[in-house]
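Examining the three-dimensional arrangement
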Amino acid sequence: MHNKTIAEISRDLTAGEYSSAEITQELLARIKAQDSTYNSFITVSDEQAIAQANAADACRAAGNAGPWTGVPMAHKDIFCTNGVLTTCGSKMLSNFVAPYDATIVDNFNQAGAVSLGKLNMDEFAMGSSNESSFYGPVKNPWDTERVPGGSSGGSAAAVAARLVPGATASDTGGSIRQPAAFCGLTGLKPTYGRVSRYGMIAYASSLDQAGTITRNAEDSAMMLNVMAGFDAKDSTSVQRDVPDYTASLNDSIEGMTIGLPKEYFSDALSADMQQQVRNAIAEYEKMGAKVKEISLPNTHLAIPAYYVIAPSECSANLSRMDGVRFGYRCEDPKDIEDLYKRSRGEGFGNEVKRRIMIGAYALSAGFYDAYYKKAQQVRRLIKNDFVSAFNDVDIIMSPVTPTPAFKFGENANDPVAMYLEDIFTIALNLAGLPGMSVPCGQVNGLPVGLQLIGNYFDEARLLNAGHQFQQVTDWHLKAPNGIA
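Let us look at the structure shown here. Since the model is a prediction, treat every value here as computed from it, not as a measurement.

Evaluated as defined, the whole model comprises 17 salt bridges. Of the charged contacts in the structure, one is a salt bridge between K286 and E283, with a shortest N-O distance of 3.5 Å. One end of the pair is K286 and the other is E283, both in helix 8 (residues 271-286) and 3 residues apart, which spans about a single turn. For K286, a relative accessible area of 66% corresponds to the exposed category.

Pasting the structure below:
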């Protein structure tokens, strides 16, 4: 049962092939037996999961089941879960039990899903490798000496290792798409405002977006059907009708125009990686799509703009973590200043401290106009590039990452090299566009991701394009070595 996708589990439960309690217990046993190898979970919610599964089976017996009734999944530990530890991968929140559910958590609960627990992540979602978690690094099931990507590395590793069929995730600069690419999975970052951010612990409020990591596009569509929609509790939520994202999966893509940005096929991309991506695009041409070269001339400014804006917003958001109201507090503080300094100094890891310091500097008097304001102006130029491109194309395709998954410690002492891992993903967050990674090949036995970029609120087209590619290729069916 652990090899089943979300859609397959939903159909099997409807057909009575097995009960929710049975598959939940199998997956919990698998997590207990195997997750010590991957470290993908921070908290396993055994009792809650079994109670939810039993309730789902009772609901199904009463004839009140929906597509998600009794289907197991798990949440990235950035989403608040009522009565369950919510740490954000940080010592700062290592004792924080949320008193409420994030909106998307509540949505899944209302849909009848079974939550198996909370997944490991880079501390406060800051990282591209899942090496910054207070709970230790997550290991890539394809090669446990390599990173799974970050910050949603726990979500990606758990799905790749067949511990869960799907997981929630979040993406601030590539934190869904990059781990999905590194672990041979499908990762979807929706349009900014499409999915509620209420109850998602903020890193950079104008960039963060909740999304999905699954085995295939069909499962992503099923998850987005639950997650998407207006939320009055979130001021950044957009009031817009939500389509059934599964309804258009099988539509033909003949005549679709694909834009290939020349800036994304540069020397930053290895020849082997470029070949895998171009092979994937050739499959789209066989299905009747047209390919056109486009230009996004301000792409090279995305990383410097992002690493001013994101740290600035994180320095403001994390100011509430002060050792007073909740979370970690230092022992025996001498006075209030000592309490603040030591609680924050001991509670935050090095990467979080680095970004807070960068952000505080960029927002300080005398530097705001030179850095933060200028970065926001550059952000507008990047957005305008995409708006112009979508006048001529239906979808944009590119690599997700410049290399396959790298080894632990390879970039640990070079923050700039680590930041460059997100060179192909960051611009979408700055522009607020939806993006998706689908597995499209392998280099040296490691997965490669193809990035699909859509126009605003055009997730249905992305999912359709991803699903159609997965009907003619089998990269999404491949499991890591040793995963049975």
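It is worth spelling out the pairing of strand 6 (residues 209-214) at this point. Burial analysis of strand 6 places 6 of its 6 residues in the buried class, the great majority of the element. Burial along strand 6 is two-sided: Q209, G211 and I213 and A210, T212 and T214, pointing in opposite directions, are all buried. The sheet contact formed by strand 4 (residues 166-171) and strand 6 spans 6 bridges and is antiparallel. The residue of strand 6 that forms the bridge with D171 is Q209. Bridge count between strand 5 (residues 186-189) and strand 6: 3 bridges; the pairing is antiparallel. Bridge pairing links L188 to T212 in strand 6.

Further remarks concern the packing of helix 9 (residues 302-317) against helix 12 (residues 369-389). Where helix 9 contacts helix 12, the two axes come as close as 9 Å, and the packing angle between them is 125 degrees. Between helix 9 and helix 12, the angle is such that the two are oblique. Between helix 9 and helix 12 lies a crossing of left-handed hand. Each of A302, A305, V308, I309, S312 and E313 in helix 9 lies in contact with helix 12, whose residues at this interface are Y371, Y372, A375, Q376, V378, R379 and I382. Considering only residue class, the contact of helix 9 with helix 12 consists of 9 nonpolar, 2 polar and 2 charged.

Let us now look at empty space enclosed by the protein. In this structure the tally under the stated criterion is 2 cavities of 30 Å³ or more. The computed volume of the largest cavity comes to approximately 60 Å³. Lining of the largest cavity is provided by A125, G127, S128, T172, G173, S175, Y203, Y306, Y307, R355 and D422. Of the volumes computed, that of the second largest cavity is approximately 40 Å³. Considering the residues around the second largest cavity, the lining is formed by W142, G184, P439, G441, Q442, P447, V448, W475 and K478. Looking at the lining of the second largest cavity, the element that brings in the most residues is strand 10 (residues 435-443), giving 3 residues. Here the residues of the lining of the second largest cavity are counted per class, giving 5 nonpolar, 3 polar and 1 charged.

Calculation rules
Residues numbered from 1 in each chain as written. Predicted model: local features only at pLDDT ≥ 70, side-chain atom pairs only at ≥ 80, totals over all residues. Heavy atoms only, no water. Salt bridge = Lys/Arg side-chain N within 4 Å of Asp/Glu carboxyl O. Helix = DSSP H or I, 4+ residues; strand = E, 2+ residues; numbered from the N terminus. Buried < 20%, exposed > 50% of the residue type's maximum accessible area, 1.4 Å probe, protein only. Pairing = 2+ DSSP bridges. Axes fitted to C-alpha atoms, helices over the stretch in contact; angles between N-to-C directions. Parallel < 35°, antiparallel > 145°, perpendicular 65-115°, else oblique. Left-handed = near helix turned anticlockwise from the far one by under 90°. Contact = heavy atoms within 4.5 Å. Nonpolar A, V, L, I, M, F, W, Y, C, P; charged D, E, K, R; others polar. 1 Å grid on protein atoms, 1.4 Å probe; cavity = no way out; pocket = protein on both sides within 12 Å on 5 of 7 lines; lining within 4 Å. Points joined across faces, edges and corners; volume = space filled by probe spheres on them.

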